[in-house]
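Here's the letter readout for the chains.
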Amino acid sequence: MQEKLPRWLAAYYSLLGALAVLCIAAAATWFGQAELERREQDAPRYLLKDNGGYLALYTADGTGPLAEYDIRTRLLPEEDVLALQQGVLVEDEAELQRRLEDYGL
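Below is a short write-up of the structure. Small disclaimer: the values here were computed from a predicted structure and weren't measured.

**Some words on the sheet that holds strand 4 (residues 88–90)**
At step 1: The strand order 3-2-1-4 describes an open sheet built from four strands, whose pairing is antiparallel. Two strands bound the open sheet, and with one partner strand each, they are strand 3 (67–72) and strand 4. For this sheet the average axis-to-axis angle between neighbouring strands, irrespective of direction, equals 30°.
At step 2: Where strand 1 (residues 46–51) lies against strand 2 (residues 54–59), six bridges are found, and the strand directions are antiparallel. The partner of Asn51 across the bridge, within strand 2, is Tyr54.
At step 3: Where helix 3 (residues 93–103) meets the sheet, its contacts fall on strand 1, strand 2, strand 3 and strand 4, and the angle it forms with strand 4 comes to roughly 140°.

Dropping the structure here:
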């Protein structure tokens, strides 16, 4: 015959089990939020695109234009023109500045 655990010990084990589940759930939530924040930081912020023959800046989802630049896209090299017709994703302000300088601003 199997011995029964004392009542206080069974309650203690139950409490430990519940605490372990709670810790695992909290850790999973914390790591999930950290991963989501990392992905949001890595997501492109802007989109450079041709707008009526001029270079324009949009949000990454295409809303805008936020700004238009005095750069005629038809005067750029053909590969740049084709890329700007599709839209060029830009990660951050530093890359935006670099690309604008490359396009002649």
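**Considering the nonpolar core**
At step 1: Among the nonpolar cores identified, the biggest contains 14 residues, and Leu48, Leu55, Tyr69, Leu84, Leu96 and Tyr103 are the most heavily contacted of them.
At step 2: Sorting elements by how many residues they give to this core places helix 3 first, with three residues.
At step 3: In contact with Leu84, not counting residues within four places along its chain, are Leu48, Lys49, Asp50, Leu55, Thr73, Leu76 and Tyr103.

**Quick notes on the side chain of Glu95**
At step 1: On the secondary structure map, Glu95 appears in helix 3.
At step 2: Glu95 gets classed as buried once you look at its relative accessible area, which sits at 12%.
At step 3: Here the side chain of Glu95 touches Glu91 through a polar contact of 2.9 Å, landing on its backbone nitrogen.
At step 4: With residues up to four places along the chain from it excluded, the contact list for Glu95 reads Leu89 and Val90.

**Re the pairing of strand 1**
At step 1: In sequence, strand 1 turns back onto strand 2 through a hairpin of two residues, with Gly52 there showing a positive phi of about 65°.
At step 2: Of the pairings in the sheet, the one linking strand 1 to strand 4 comprises three bridges and is antiparallel in character. Its bridge partner being in strand 4, Leu48 is matched across the sheet by Val88.

Cut-offs used in this document
- Residues numbered from 1 in each chain as written.
- Predicted model: local features only at pLDDT ≥ 70, side-chain atom pairs only at ≥ 80, totals over all residues.
- Heavy atoms only, no water.
- Pairing = 2+ DSSP bridges.
- Helix = DSSP H or I, 4+ residues; strand = E, 2+ residues; numbered from the N terminus.
- Axes fitted to C-alpha atoms, helices over the stretch in contact; angles between N-to-C directions.
- Contact = heavy atoms within 4.5 Å.
- Core = buried A, V, L, I, M, F, W, Y, C linked by side-chain atoms within 4.5 Å.
- Buried < 20%, exposed > 50% of the residue type's maximum accessible area, 1.4 Å probe, protein only.
- Polar contact = N/O pair within 3.5 Å; in protein donor to acceptor, adjacent residues only side chain to side chain.

Limitation: the analysis is restricted to geometry and does not speak to function.
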